[in-house]
Amino acid sequence: MPPAADVGRGAAAVSLDEREPPLRNGLPASPKGVDAHASAPFAGSGRVGAVWRRRLTILAFLSPALVLYLALVLAPIAQGAFYSGFDWNGLEPLEKFVGLQNYRDALADPVFLASLRHVFLIVVLSLALQLPFALGLAVLLNQRLHGRAVLRLLFFLPFVLSDVIAAIVWRLLLMPAGLLDGSLEAVGLGGLIQQWLSDPDIIMYTVFFVVTWKYFGFHMILYLAGLQQIPPELEEAAAIDGASRAQSFRYVTLPLLAPTIRMSAFLSIIGSLQLFDLVWVMTNKGGPVGSAHTTVTYMLDHGFERGQFGYGSAVAVIAFVISFVFAIGYQRFVLRRDVAGALTTAGA
Amino acid sequence: MHFRKGWAAAMSLMLLAVACGGDDDSDTSADTESGSGSDEPVTIEWWHIQNNDPGLSMWEDVAHEFEADHPNVSIDITVYENEAFKTAIAPRLQAGDPPDLFQSWGGGGLVEQVDADLVQDISDDVAPWIDNLNPAAVELYQVDGVQYGIPFDLGMVGFWYNRDLFEQAGIDEPPTTWDELLDDVQTLKDAGITPIALGEGDQWPGMFWWAYLALRSGGPEPLQDAGEDGSFDSDAFVQAGERLQELVELEPFQDGWQAAVWDGAGGQAASMGTGGAAMMLMGQWAPGTMNANSPDGNGIGEALGWFPFPEVEGGDGEATDVFGGGNGFAVGKDAPPEAIEFLEYATSLDVANRWGELNSGILPVTAGSDESITDPTLQGVLEARADASYVQLYLDQAYDPELGAVINEAVEQLYAGQASGEEVAQTIADAAGG
Amino acid sequence: MAATVVRSSRRSMRQPLTRSALYAIAIGVVLVIIVPVIYAVLGGFRTTGQISADPVGLPHPWVFDNYIEIIKSATFREQLLNSLVVAAITMAVVVPCGSLAAFALARFSFAGREAVYALFTLGLLFPLTVAILPLFITLRSLDLLNNPFGVALPQAAFAMPTTIIVLRPFFHSIPTELEEAAIMDGCGPFRFFYKIALPMSRPILATVSVLAIVVSWNAFLLPLVVLNDPHQWTLPLGVTNFSTQYSSDTARILAFTSLSMVPALVFYVFAERQIVSGLASGALKG
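**Quick word on the overall build of chain A**
Phase 1 of the analysis: On a plain count of helices and strands, chain A comes out with 13 helices and two strands.
Phase 2 of the analysis: Counting the 348 residues in chain A, one finds 55% classified as buried.
Phase 3 of the analysis: Taking the contacts inside chain A whose residues are at least 6 apart along the sequence as the reference set, 65% of them involve residues at least 24 apart.

Next comes the structure, spelled out in structure tokens:
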């Protein structure tokens, strides 16, 4: 019998990391009195040979992904970050070390700071408007409606299109006297017409609209899946107890949907921080006087396209640090209860 | 390529050793860099950006013809669209492995490449035939007097206008001074016609106005000096900004101009091409793009006219000072001598005439090729080019890419009413370290 | 656990008014989605000049040249094939590597496990554009330029974070009893993975494959930098052929992008069932 079978004889589930409580199936031991000695079959045993074999096994599982990832993602990124300490035009040898100067310059540049504000705006608007909208549609699709499957197909459609295509098409639609303006005129709402892509004051809202158009279907699908996990008996019970639909939604559905919502919010925020292709193509590299820059478009426009590779890398590092701090904080405090996906095990 | 050169060198030596009095008039003298005599197979890697017809086929034909004449040479063409080219070549340059011949606009970009040792000094090799080419164009591909590339096209920026619309507004002659231009703008507005088409979304169309005003206000010296010492806050530039502000305050542009691009549906070219605006300031490629953006492909047809940038009263510049630029090829540091021979062929009178006959946006620079261009408006451009007392390269190419971008942006702010002429000049001067 | 049973509506009684309001909203959203796509498709039947002169109008006259030229062109078919090859390789690399890693991260406990997981999630936070120059040099030294693998491998690498994040919770949720039973039968971890865990995860693997393919299909920057030889180009690179130094042919660009959409859409329609069931069955369980 393979050595792992010995484990089934009651050997302690050894955790190789002393900080962690013993794990069962990779999940922390449930407080419901699971025998800590009942072992997870692959969690290891006390025998040295078996430990080494286990380590090799883990390594074997992890290495294809790790090798690929380290060589083609982390190493280039680390090198890219390394450039941030230099003043470098991409052609000459890497000689002009400037330390933190690039970072100081970036944080002093009003256009960069504006780009941070723009991204923040998208994040807030997405959380406040896009996600509830997606949730509403998910609830809609959860009803028994004719053509529900078709609707589901259509709502997800924009997500499948490339950002570039979406940007090209919307740019045409939003032209002065373009399709949007024409439609508004046709229904008598001509007074609402704005310079959607030329007016620095509203261009970011236009961007938000198109971002919503592109991505709401993705979040809707997530919520739909979550809704479908909820047993109808719970809602029926609430109804019997006299709860209105709104109350039932608020006190029964929403809490059960919470893990899904938290994950969706996380992905939405990370996605907003990385927003690039759509904005680049639709606003022609950041809009008039940079009124639509995101951190990534700014990085490309003010950094790489000007032969300022050190500066561009510094901007990327700043954006990364912001994303990272957010991700850690979010994982720790918000997703804490959702073990799947925890970056830290504190309190898990 | 290095591999091939080493192999070629070895082969030449062996051939020499073995040859028993054969007909050997090939140049096997120590051409160490490339190490290949005229018998050894040579590949030339060539990157250009004429990615559509007629240019695409033209270059293909030229390459085939050269290959036919030089059987040991094979030319490997890679074609990119303009923007894609800039992105695609960056890693090659960064890795120190430039193509043998590649698109170049001269100016600041070339300077950077020279500093990074990416291009070859071809001054001696081209000396026998370089005088056949327009000297102003040739100079664009020199750095400190050393030749690193060869031009095949030089154009300039001027006004393209719709004769019919001018007539409609009662304007008989195109303006010859800046004040006349402002008056005409007002006249056109009063007649209900959009005076000027501008695609400020791309930034560089707006920069043309400012650059010309600077050139007219101060002549060539301030622009040259500023390139050296960053003195963009001198009078010429401040005045350029102030005069431009006068124009912008008249609100002469089409709807949505701030985000409009040069080309594509709804852009500047489309505005002109569909008769939506009376005039625009643009380079010699304008007619082609206008036509492409018009419903029947003919633009505004016979109604199209051209006039040079007007004088500015009290300015030091001449009306014959010209703002423009062109296309050429830089020679990569590892390029074989055959690549330079190819350039000679590509800019020969015969090829230049064929380019001219296409009446496309390419205006060849080979002496004697002017007659091959039959389009009357392009002829107007050619005359101005021939009379040019000075050619100033597009600012975002003349200076290094970063400064060019700062200029474009600062000027954009002026258009947006967010900066005054003086502030614009100051911003640029600060960025240039002046 | 995986229950994809469609839930029936919560209330059997519904006001007809509310129902029509719901339909109205749904139709409204559908219009906003569909109209841009139709506009793009129709735009391909016009000329750029038509679009400039009358942005809103229908094709008049109908111009079939754009679509026909593209469909006829060998270049389009070549690029289509290249896109397919790259997407297929990307998927073929991401799914095995990603699922192996996610499985290990889900079912083994070992020192630094969460750190490894965190390492993978870092990749989400960096845009590819930063890494492109060093990546190019690495690919060059591996002689992977002008090679579909030169595009597919980095794409697979950058897809690892999402893949692992989506797969790990799913592997978590496979019941212990199954594992224990497998061990009783003398099954080691590899065989358990291969014979039991993988087949169980088909829906979620389908999801991950679709995500990888969609991203690969639409990728532009990486192929641009890696593939110099036009015969190796993928579809997004092909669009650039319709712009030149001085002009862009908007109508033809629309025709081209509409045609490039088709394979992605067809694939999506078939895979949509898989995606929904995949997401429902485990990725989002708390």
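**Section: helix 4 (residues 107-115) of chain B**
Two residues of an α-helix separated by three or four positions point the same way, owing to the 3.6 residues in each turn.
Phase 1 of the analysis: When helix 4 of chain B is considered as a whole, its buried residues turn out to be G107(B), G108(B), L110(B), E112(B), Q113(B) and V114(B).
Phase 2 of the analysis: Following helix 4 of chain B by one or two positions, D117(B) has its phi on the positive side, about 60 degrees.

**Observations concerning the confidence of the model for chain A**
Residues and elements named next belong to chain A.
Phase 1 of the analysis: Residues at a pLDDT of 70 or more form 82% of chain A, whose mean pLDDT is 78.
Phase 2 of the analysis: At the level of individual helices and strands, chain A shows its lowest average pLDDT in helix 1 (residues 4-7), which scores 32, and its highest in helix 3 (residues 101-108), which scores 92.
Phase 3 of the analysis: This stretch, residues 1-40, has a pLDDT under 50; its non-local contacts, to residues over four places away or in other chains, come to 64 contacts.
Phase 4 of the analysis: Here residues 339-348 is a poorly scored stretch, pLDDT under 50, and it has 25 contacts once near neighbours within four places are set aside; other chains count.

**Description of the pattern of salt bridges**
Oppositely charged side chains can form a pair if their charged atoms are brought close together.
Phase 1 of the analysis: Counted by the stated rule, this structure contains eleven salt bridges over all chains.
Phase 2 of the analysis: Between D334(B) and K333(B) there is a salt bridge whose closest N-O contact spans 3.5 Å.
Phase 3 of the analysis: With a relative accessible area of 11%, D334(B) lands in the buried category.
Phase 4 of the analysis: Linking E179(C) and R107(C) is a salt bridge whose minimum nitrogen-to-oxygen distance equals 2.1 Å.

**A word on the environment of L140(B)**
Residues and elements named next belong to chain B.
Phase 1 of the analysis: Mapped onto the secondary structure, L140 falls in the loop between helix 6 (135-139) and strand 4 (142-143).
Phase 2 of the analysis: Along the sequence, L140 and S104 sit 36 residues apart, while their C-alpha atoms lie 9.9 Å from each other.
Phase 3 of the analysis: Discounting residues that sit within four places of it in the chain, L140 has contacts with G106, G107, L110, L154 and L393.

**A few points about a nonpolar patch on the surface**
Phase 1 of the analysis: A grouping of F209(A), I27(C), L31(C), V32(C) and V35(C) is seen on the molecular surface, where their side chains present a nonpolar patch of about 420 Å² in accessible area.
Phase 2 of the analysis: Ranked by residues supplied to the nonpolar patch, first place goes to helix 1 (residues 16-43) of chain C with four residues.
Phase 3 of the analysis: Among the structural elements, F209(A) can be located in helix 8 (residues 203-229).
Phase 4 of the analysis: On the accessibility criterion, F209(A) (41% relative accessible area) is partly exposed.

**A closer look at the sheet that holds strand 7 (residues 158-162) of chain B**
Residues and elements named next belong to chain B.
Phase 1 of the analysis: Overall, antiparallel pairing links the three strands, which are arranged 8-7-9 in an open sheet. What marks the edges here is a single partner per strand, and that holds for strand 8 (279-282) and strand 9 (304-307). Mean inter-strand twist for the sheet, computed between neighbouring axes without regard to direction, equals 30 degrees.
Phase 2 of the analysis: In terms of strand pairing, strand 7 meets strand 8 through four bridges, oriented antiparallel. Residue Y161 lies in a different strand from strand 8, and its bridge partner there is M279.
Phase 3 of the analysis: Packed on one face of the sheet, helix 16 (residues 376-386) meets strand 7 and strand 9 and runs near 5 degrees to strand 9.

**Concerning the packing of aromatic side chains**
The relative placement of two aromatic rings is captured by the distance of their centres and the angle of their planes.
Phase 1 of the analysis: Under the definition given, this model contains 69 aromatic pairs over all chains.
Phase 2 of the analysis: Summarising the aromatic geometry, the rings of F45(C) and Y67(C) are spaced 4.5 Å apart at their centres and angled 40 degrees between planes, so their arrangement reads as tilted. With F45(C) in the loop between helix 1 and helix 2 (48-53) and Y67(C) in helix 3 (residues 65-72), this pair connects stretches of sequence that are 22 residues apart. This pair shows no difference in class: F45(C) is buried, exactly as Y67(C) is.
Phase 3 of the analysis: One residue, R55(A), lies across the ring of W52(A), its end atom 4.9 Å from the ring centre.
Phase 4 of the analysis: Across the ring face of Y117(C), the terminal group of R168(C) is positioned such that the distance to the ring centre comes to 4.0 Å.

**Describing the nonpolar core**
Phase 1 of the analysis: Grouped together as the largest cluster of nonpolar side chains are 320 residues, with contacts concentrated most on F155(A), W209(B), W210(B), L244(B), M279(B), F323(B) and I407(B).
Phase 2 of the analysis: With residues near it in sequence (within four places) discarded, M279(B) still touches F159(B), W160(B), Y161(B), F166(B), L181(B), V185(B), L188(B), P195(B), I196(B), A197(B), M272(B) and F307(B).

**Considerations on the pairing of strand 9 of chain B**
Residue and element names in this part refer to chain B.
Phase 1 of the analysis: Burial along strand 9 is two-sided: L304 and W306 facing one way and G305 and F307 facing the other are all buried.
Phase 2 of the analysis: Taken together, the four bridges between strand 7 and strand 9 define a ladder with antiparallel strand orientation. For Y161, the partnering residue across the bridge sits in strand 9 and is G305.

Quick notes on the rules
Residues numbered from 1 in each chain as written. Chains lettered and ligands numbered in written order. Predicted model: local features only at pLDDT ≥ 70, side-chain atom pairs only at ≥ 80, totals over all residues. Heavy atoms only, no water. Helix = DSSP H or I, 4+ residues; strand = E, 2+ residues; numbered from the N terminus. Buried < 20%, exposed > 50% of the residue type's maximum accessible area, 1.4 Å probe, protein only. Contact = heavy atoms within 4.5 Å. pLDDT = per-residue confidence, 0-100. Salt bridge = Lys/Arg side-chain N within 4 Å of Asp/Glu carboxyl O. Patch = residues over 30% accessible without salt bridge, like charges linked within 9 Å, V, L, I, M, F, W, Y side chains within 5 Å. Areas by Shrake-Rupley, 256 points an atom, 1.4 Å probe, with all protein chains shown as cover. Pairing = 2+ DSSP bridges. Axes fitted to C-alpha atoms, helices over the stretch in contact; angles between N-to-C directions. Phe/Tyr/Trp six-rings, centres within 6.5 Å; stacked < 30°, edge-to-face > 60°. Lys NZ or Arg CZ within 6 Å of the ring centre and 35° of its normal. Core = buried A, V, L, I, M, F, W, Y, C linked by side-chain atoms within 4.5 Å.

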